[in-house]
Amino acid sequence: MTEQTPGPWLIANQEPDKYGRVKIVDESFNVPCIAHALGRNGNALADARLIAAAPELLAACKAMLFGFSMEAEYGELDSAMLRIRAKASARAAIAKAEG
């Protein structure tokens, strides 16, 4: 399996260009363009926010799964901090995705 471009990803232009595109780039600008979000209904920026949040959403999902597996293996008390961190990561990723 190939790896995705490391995050965080950013929105390069806050307004769609003349073709209706919003560009998503990596934070270091090592990759010229991760993706373009297109939208005819004015949803290009909202779509771009969701795409840009993908690395954080993936990390939050992995953290939650890890927390759940720790809880199953070691009990609730040992995994409480992992769950707190996972919830915070999930909330931050959702906030980024929703703008």
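Values in this document were obtained by computation on a predicted structure and should not be read as measured data.

**Some thoughts on the sheet that holds strand S2 (residues 21-26)**
Strands in a sheet are paired, the pairing made by backbone hydrogen bonds, and the direction either parallel or antiparallel. Taken in spatial order, the 3 strands make up an open sheet running S1-S2-S3, and their pairing is antiparallel. Looking at the sheet topology across the chains shown, the edges are occupied by strand S1 (9-11) and strand S3 (35-38). Between one strand axis and the next, the sheet turns through 30 degrees on average, direction left out of account. Note: S1 against S2, 3 bridges, orientation antiparallel. Of the residues in S2, the one forming a bridge with Leu 10 is Val 25.

**Let's talk about the pattern of salt bridges**
Within this structure, the stated rule accounts for 2 salt bridges. One salt bridge in this structure joins Asp 17 and Arg 21, with 2.9 Å as the shortest N-O distance. Measuring nitrogen to oxygen at the nearest pair gives 2.9 Å for the salt bridge that ties Glu 56 to Lys 96. Pair noted here: Glu 56 is in helix H2 (residues 54-74) and Lys 96 is in helix H3 (residues 76-98), with a separation of 40 residues, a long-range link.

What counts and how
Sequence order as written defines residue numbering, which begins from 1 separately in each chain. Totals for whole chains, interfaces and linings use every residue, but because this is a predicted model, local features are given only for residues with pLDDT of at least 70 and side-chain atom pairs only at 80 or more, for both listing and counting. Computation of side-chain values: all heavy atoms of the structure, hydrogens and water removed. Any two strands are treated as partners once DSSP identifies two or more bridges connecting them. Strands are runs of DSSP state E lasting at least two residues, helices are runs of H or I lasting at least four, and both sets are numbered from the N terminus onward. To obtain each axis, a line is fitted to C-alpha atoms, and for helices this fit is confined to the stretch in contact; angles are then taken between N-to-C directions over 0 to 180 degrees. Basic side-chain nitrogens of Lys or Arg form a salt bridge, by our definition, when they fall within 4 Å of a carboxyl oxygen of Asp or Glu.

Purely geometric numbers; function is a separate question.
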